[in-house]
Amino acid sequence: MKIISTVLIVFYIGLGHLWAQTQQDPYGFRNNLLVNTPYCGQALSTSLNGSNCSGTTKPGEFVVETVTCNIQRPVYQLGPNYSLTYGNTNGWISDEYSIQFYIKNTSWAAKEQTLIHFNNGKSVPPLYLKTLPGSTQACLSLDASLGSTCLPLNLNQYYLISITRNSKTKQFEVYVDNQMVISLADTNDDYTAEKGQAVSLFSSQSIGGCSVASARFAYLNFSNRYLDPDAVKMANQGICALIDANSTADFAINPGASCKDGRATITYTGSLPTDSPYTLAWDFDGATILGGQGRGPIEVQWKQAGTKRVRLSIQNPDCGTTLDNIKNPVVTLPVIKIVRESGSCGSGSATIIQVSDAALPLQYATQLIPFQSSNRLNLPPGLHTISIRDANSCIRDTLVHILPGSDVAHSIPDAQICEGESIVLTTTTNASRFIWRPAEGLDRIDIQSPTASPSETTEYLMEALALNSSTGQTCIIRDTVKITVVPRPELIVTKSQTVLEGIPIQLQARVSNSTPPSSISYLWTPATGLDNPHDPSPIAILSDSQTYLVTATDAQGCKSEETVTLSISDVESFGLPDAFSPNGDGLNEILLPYFTRSYFPTELRIYNRWGLLIYRTKSPQSGWNGLYKELPAPAGPYTWWLTVQKTSGESVSRSGTVLLLR
């Protein structure tokens with residue numbers, strides 16, 4: 001009878017007293033309003049706001065859609081005129097707390113709609129979503145009228161809203177993604193709650209009459225911890241993990257497919273804070289623990305090959321709920337045997353690699369030979385690292401020492417170089433005389449290891465006079481080496497030009513001789529003023545003149561470089577570009593005004609060729625996306641009228657023509 005033991009490690013997370021621990025109730029809206037496992041909080045509830053508005057249907061429904069990070073999952077669509085309530089039975093929301101929710105609005109209220117309300121009996125303004133007049137956007141505010149500071153929020157776009165309060169400083173703060181939009185001293189404890197006092201989202205505290213606002217929730221969390229700006233930034237960076245189903249119990253296995261003596265390193269990567277009271281239980285499916293514990297890294301080793309079952313269980317000691325996460329690493333333990341062929345004068349010898357206990361098919365390589373399916377390698381004398389890659393992408397290396405024979409001559413394996421480069425044709429042999437053909441591109445044709453600088457792909461033939469160790473006679477040994485010349489990328493970039501200070505300009509770089517273009521990587525240096533120095537078409541916004549070095553590198557590592565100089569004009573100006581193309585290719589999608597520091601745009605109007613006003617905004621920085629009545633406007637010329645305000649307070653207007661391209 002064969003007995004396989006299971007190793008189980010239980011690690012208690014919790015350093016310090018319970019009162020110092022971070023407590024939270026997260027909700028993932030996975031087809032229910034229950035708190036995420038393994039937390040113990042009560043379920044969310046919905047209620048009708050009590051208005052007499054028409055169109056009220058049902059509290060909400062779960063719909064499946066693609067959220068951030070290409071994650072397709074259920075989200076909760078809260079119905080119009082319904083609120084979502086958190087009972088706060090655990091008292092996590094008190095004088096210090098954070099509330100985070102990842103939502104997108106699918107409709108706005110007529111004027112304003114309560115985003116969140118603390119049911120603490122105090123008559124204080126709740127946090128409102130205020131619809132911007134004449135716009136499809138809204139912003140967050142605490143007063144009944146629109147404030148001077150507003151970050152416009154778009155319909156049908158997800159935002160991470162963070163609401164947090166510091167009990168020591170009594171500072172109440174609101175963030176949209178990484179940007180703080182509200183900060184006030186809550187000296188009267190207006191925006192606090194006590195245990196059992198509920199917190200409502202999208203409640204009936206609407207000033208604008210009937211509310212038709214509705215939203216989709218992908219994540220909601222109530223915590224007793226204050227979030228500083230760094231913590232808010234970290235939450236935004238980890239939004240993919242926040243909305244993922246198993247983020248609490250996530251862990252990493254490196255490598256995922258283990259072939260190096262069955263070893264792997266396992267590390268907890270979940271979202272639980274280090275001071276949480278939960279327990280971690282590991283099951284390594286019979287592996288031997290070599291080192292580490294708790295959150296890891298934990299090094300383990302399996303003695304037998306096969307697919308393993310690694311399980312992490314997160315348990316809440318208060319209510320006994322458990323969340324499991326299981327991953328299945330593949331363990332292969334290949335055995336490598338090296339066989340050396342014997343050869344005669346002129347034939348050389350080969351190395352045969354024999355592998356057992358590995359996942360087929362196999363591939364073989366050395367430092368100079370890329371992975372290939374043949375297990376027969378022609379290796380010159382010397383030390384070589386032979387690599388074997390199996391069907392699970394596991395790579396195992398072994399060191400081999402090839403001894404020279406008296407009748408062998410080997411040059412380097414076939415190689416490739418970039419156009420204009422050189423390579424030494426290093427040859428291992430005991431031969432005394434040499435001749436290389438053809439002579440084109442070689443510095444010498446009569447030496448053992450010439451330097452080759454071919455202008456095009458060339459196969460060189462080496463003939464060497466050697467002594468046959470078996471017969472004592474001289475013979476000619478031949479070897480060939482093919483040098484493939486890869487053309488350098490033909491780089492075409494934006495011409496140097498004069499630009500306006502602070503005005504976005506799109507740069508362009510492309511390679512005309514590359515197939516496919518996706519095989520080219522780009523780098524603009526320095527990165528000053530660029531939104532993405534690795535983009536072939538970055539946008540530059542400069543306050544000083546700048547010269548960029550553009551480097552294009554193809555899949556073979558061949559490079560080309562060009563320079564672009566952008567000189568800042570000393571002329572103060574404003575206006576709009578001559579053309580834009582809202583066709584979905586990611587370039588010049590929005591018609592945006594340009595203006596120097598002496599001007600600030602206050603109004604933009606767009607007229608069609610018949611003089612009909614088709615677009616007007618008091619926020620010209622948002623630009624025009626080429627839509628009229630939510631449909632693409634036809635291609636052709638349009639007249640624009642732009643009004644700006646000088647630093648002196650004087651208003652100035654200018655008009656012109658822009659060409660819309662499809």
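Here, the structure is the one placed above.
A brief look at the structure comes next.

**Examining the pairing of strand β17 (residues 251-254)**
Burial along β17 is one-sided: the face carrying Phe251 and Ile253 is buried and the face carrying Ala252 and Asn254 is not. Note that β17 and strand β19 (residues 263-268) share four bridges and pair antiparallel. Residue pairing across strands places Phe251 opposite Tyr268, the latter belonging to β19.

**As for the sheet that holds strand β32 (residues 395-402)**
Ordered in space as β29-β31-β32, the three strands form an open sheet in which the pairing is antiparallel. If you trace the sheet from one side to the other, it starts and ends with β29 (363-365) and β32, each paired once. Strand-to-strand, the axes of this sheet are offset by a mean angle of 25 degrees, without reference to chain direction. Bridge count between strand β31 (residues 382-389) and β32: eight bridges; the pairing is antiparallel. Counted as the bridge partner of Ile386 is Thr398 from β32.

**Side note on the sheet that holds strand β8 (residues 112-118)**
With antiparallel pairing, seven strands are arranged side by side in an open sheet as β3-β6-β15-β8-β9-β10-β11. At either end of the open sheet lies a strand with only one pairing partner, and these are β3 (45-48) and β11 (153-154). As paired elements, β8 and strand β9 (residues 127-131) share four bridges and run antiparallel to each other. Each residue of the ladder has a partner; that of Ile116, found in β9, is Leu127.

**Re the environment of Gly649**
Tracing the chain through its elements places Gly649 in the loop between β56 (636-646) and β57 (651-660). On the accessibility criterion, Gly649 (40% relative accessible area) is partly exposed. Distance from Gly649 to Phe600, taken between C-alpha atoms, is 9.8 Å for residues 49 residues apart in sequence.

**Regarding the layout of surface pockets**
Empty space within the largest pocket amounts to approximately 1,000 Å³. In this structure, the largest pocket is lined by 30 residues; those nearest its centre are Ser135, Thr136, Gln137, Tyr615 and Thr617. Every element with two or more residues in the lining of the largest pocket is listed here: β52 (599-607), β53 (613-617) and β54 (627-628). Here the lining of the largest pocket takes four residues from β53, the largest share from any one element. Grouping the amino acids of the lining of the largest pocket by side-chain chemistry returns 14 nonpolar, 12 polar and four charged. Taken together, 38 residues form the lining of the second largest pocket, with Gln24, Tyr219, Leu242, Ser271 and Leu272 sitting closest to its centre. Looking at the lining of the second largest pocket, the elements with two or more residues in it are β2 (24-27), β7 (97-107), β16 (214-223), α1 (229-237) and α2 (239-242). Residue composition of the lining of the second largest pocket, grouped by class: 17 nonpolar, 16 polar and five charged.

**A short note on the pattern of salt bridges**
Summed over all chains, the structure comprises 18 salt bridges. Note that Glu463 and Arg478 form a salt bridge whose closest N and O atoms lie 2.9 Å from each other. With Glu463 in strand β39 (residues 458-467) and Arg478 in strand β40 (residues 474-486), this pair connects stretches of sequence that are 15 residues apart. Of the residues examined, Arg478 reaches a relative accessible area of 47% and is grouped as partly exposed.

Calculation criteria
- Sequence order as written defines the numbering, with residues in each chain counted from 1.
- Totals for whole chains, interfaces and linings use every residue, but because this is a predicted model, local features are given only for residues with pLDDT of at least 70 and side-chain atom pairs only at 80 or more, for both listing and counting.
- With hydrogens and water set aside, each side-chain value is computed from the structure's full complement of heavy atoms.
- Think of it in three bands: residues with accessible area under 20% of the maximum for their type are buried, residues over 50% are exposed, and the middle band is partly exposed, with areas taken using a 1.4 Å probe on protein chains only.
- Secondary structure elements are defined from DSSP: runs of H or I of at least 4 residues count as helices, runs of E of at least 2 residues count as strands, and each element is numbered from the N terminus.
- Two strands make a pair as long as DSSP finds a minimum of two bridges between them.
- Axis definition: a line fit to C-alpha positions, over the contact stretch in the case of helices; interaxial angles, taken between N-to-C directions, run 0 to 180 degrees.
- A cavity here means a set of 1 Å grid points, computed over protein atoms only, where a 1.4 Å probe fits but cannot escape. A pocket is an open set with protein on both sides within 12 Å along at least 5 of 7 lines, and lining residues have an atom within 4 Å of a point.
- Grid points are joined across faces, edges and corners, and a volume is the space filled by probe spheres set on the points.
- Gly counts as polar in this scheme, as do all residues outside two lists: the nonpolar Ala, Val, Leu, Ile, Met, Phe, Trp, Tyr, Cys and Pro, and the charged Asp, Glu, Lys and Arg.
- Only one rule defines a salt bridge in this text: a Lys or Arg side-chain nitrogen within 4 Å of an Asp or Glu carboxyl oxygen.

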